[in-house]
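# Fold and geometry: a report
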Amino acid sequence: MLNNKLSMKIVDKKIIGQFKDARIVQLKIEALDIAQKAKPGQFVVLMVNDRGERFPLTIVDKNKGTIDLIVQEIGLTTKLLGKLKAGDSLYALAGPLGQATEIKNYGKVILVGGGVGIAEIFPIAKALKKAGNYLLVIIGARTKGLLILEKELKEVSDELYISTDDGSYGKKSLTTEILDEVLAKQTYDFVYSVGPLAMMRKVAEKTKKEGINTKVSLNALMVDGTGMCGSCRVSLAGKTKFTCIDGPEFNAHEIDWPELEARNKMYVISEKHICKLKGYE
Ligand code: FES
């Protein structure tokens, strides 16, 4: 599962989103073993340097021997990753990890992606389209500069709706407000969502009322990525699950959202502190 050191080279890097000093970076990485085995919905865990934290990133795309990862520079490690250039190598890379998305013909499907979660929507959208589904895709970002993969998603969706919080592009609204509008017009068979926790929680609340099968992909804190450390645990219908081995996708209607939101805030203060210490404010 651990990718060998010879094949962790960044072969391409581009900035695909930017607003002020917030950047979203796409990296193409040589990883033959992972590229051969990866399925939509799976992720890798990587380390930028020998003392850095391990963190998960969805495999957004794969090609002959390479995988594409998309990262928003929001903490120390993601900022260090964003500083690497084409030709540099990662320190460690393990994958593919997690359960692959169940791809089948559900019928009429809605995908809701917010922020950098749009990157995770893309491989799922491609696979669901190939399986014959009708795809209505809703994507949203804080502002136009941070909206990613619009062109790519347009190519695979039957309908694409765009929102920004500040109204700089698409509709000035939340993705969940667009979801309300489309659900009021028609019934759908399956909803899949990735993005900020608050957004996914709202999606879950709305689709639960409508009785629509809904999955979300969680971006949990991870250390080992193998179900040993417990850092990625989540409660589902009263049972403990691990995002790294049981997920990252779960039934949105069974998740204990208040507990998950509290766990996700655990490291916010220490992350800000370490960024300040290292001069990455
Ligand atoms: Fe350690 Fe999932 S990352 S149990």
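Residues numbered from 1 in each chain as written. Predicted model: local features only at pLDDT ≥ 70, side-chain atom pairs only at ≥ 80, totals over all residues. Heavy atoms only, no water.

### Some points on the overall build of the protein
Within the protein one finds 8 helices and 16 strands. Radius of gyration (C-alpha) of the protein: 18 Å, near the 19 Å computed for a compact globule of 281 residues. Projected onto its principal axes, the C-alpha positions of the protein cover 50 × 40 × 40 Å. In the protein, which comprises 281 residues, the proportion classed as buried is 50%. Summarising the internal contacts of the protein: among those between residues at least 6 apart in sequence, 64% fall at separations of at least 24. For the protein, the exposed surface amounts to about 13,700 Å²; the carbon and sulfur share of it is 51%. The distance from the centre of the 42 positive side-chain charges to the centre of the 34 negative ones in the protein is 2 Å. (Helix = DSSP H or I, 4+ residues; strand = E, 2+ residues; numbered from the N terminus. Rg over C-alpha atoms; globule rule 2.2 N^0.38 Å. Buried < 20%, exposed > 50% of the residue type's maximum accessible area, 1.4 Å probe, protein only. Contact = heavy atoms within 4.5 Å. Areas by Shrake-Rupley, 256 points an atom, 1.4 Å probe, with all protein chains shown as cover. Lys, Arg positive; Asp, Glu negative; His and termini not counted. Charge placed at Lys NZ, Arg CZ, Asp CG, Glu CD.)

### Some details on unusual backbone geometry
If a residue is not glycine, its phi is most likely negative; likewise, a peptide bond is most likely trans. With omega at -5°, the peptide bond leading from glycine 95 into proline 96 counts as cis. Cis peptide bonds are those with omega within 30 degrees of zero, and the linkage from glycine 247 to proline 248 qualifies with 15°. Position of proline 248 among the secondary structure elements: in the loop between strand 15 (239–242) and strand 16 (249–251). Backbone geometry places lysine 20, a non-glycine residue, at a positive phi of 55°.

### Let's talk about the packing of aromatic side chains
Tallied over the entire structure, the rule returns 2 aromatic pairs. With a centroid separation of 4.0 Å and 10° between ring planes, the pair formed by tyrosine 106 and phenylalanine 190 is classed as stacked. Placement of tyrosine 106 in the loop between strand 7 (92–97) and strand 8 (108–114) and of phenylalanine 190 in strand 12 (residues 190–194) is noted, with a sequence separation of 84 residues between them. With a relative accessible area of 15%, tyrosine 106 lands in the buried category. (Phe/Tyr/Trp six-rings, centres within 6.5 Å; stacked < 30°, edge-to-face > 60°.)

### Comments concerning the layout of surface pockets
Here the second largest pocket defines a volume of roughly 250 Å³. For the second largest pocket, the full set of lining residues is Ala38, Lys39, Pro40, Ile59, Val60, Asp61, Lys62, Pro123, Lys126, Ala127 and Lys130. Counting only elements with at least two residues in the lining of the second largest pocket, the list comes to strand 5 (61–63) and helix 3 (118–130). Ranked by residue count, the leading element in the lining of the second largest pocket is helix 3, at 4 residues. The residue makeup of the lining of the second largest pocket, split by class, is 6 nonpolar, no polar and 5 charged. Here the lining of the second largest pocket spans two domains, since at least three of its residues come from each of domain 1 (10–97) and domain 2 (101–216). (1 Å grid on protein atoms, 1.4 Å probe; cavity = no way out; pocket = protein on both sides within 12 Å on 5 of 7 lines; lining within 4 Å. Points joined across faces, edges and corners; volume = space filled by probe spheres on them. Nonpolar A, V, L, I, M, F, W, Y, C, P; charged D, E, K, R; others polar. Domains from an automatic or database assignment.)

### Description of the domain arrangement of the protein
With domains assigned, the protein is organised as domain 1 (10–97), domain 2 (101–216) and domain 3 (218–281). Spacing between the C-alpha centres of domain 1 and domain 2 amounts to 23 Å. Between domain 1 and domain 2, the contact holds 15 residues from the first and 15 residues from the second. In this assembly, domain 1 packs against domain 2 so that about 1,300 Å² is buried in total across both faces, 67% of it on carbon and sulfur atoms. Remark: the boundary between domain 1 and domain 2 carries 1 salt bridge. The closest approach of N and O atoms between lysine 126 and aspartate 61, which form a salt bridge, is 3.0 Å. Our count for the domain 1 to domain 2 interface comes out at 4 residue pairs in polar contact (both at pLDDT 80 or more). For the side of domain 1 that touches domain 2, the secondary structure elements donating two or more residues are strand 1 (10–19), strand 2 (22–30) and strand 6 (66–72). The element best represented in the side of domain 1 that touches domain 2 is strand 1, accounting for 4 residues. Residue composition of the side of domain 1 that touches domain 2, grouped by class: 9 nonpolar, 5 polar and 1 charged. (Buried area = accessible area lost by both parts, 1.4 Å probe. Salt bridge = Lys/Arg side-chain N within 4 Å of Asp/Glu carboxyl O. Polar contact = N/O pair within 3.5 Å; in protein donor to acceptor, adjacent residues only side chain to side chain.)

### With respect to the packing of helix 6 (residues 197–210) against helix 7 (residues 257–264)
Between helix 6 and helix 7, the least distance of the axes is 11 Å, while the angle of their chain directions is 175°. By the criterion of interaxial angle, the relationship of helix 6 to helix 7 is roughly antiparallel. Of the residues in helix 7, those touching helix 6 at Leu197, Ala198, Met200, Arg201 and Ala204 are Trp257, Pro258, Leu260, Glu261 and Asn264. Class assignment for the residues of the contact of helix 6 with helix 7 results in 7 nonpolar, 1 polar and 2 charged. (Axes fitted to C-alpha atoms, helices over the stretch in contact; angles between N-to-C directions. Parallel < 35°, antiparallel > 145°, perpendicular 65-115°, else oblique.)

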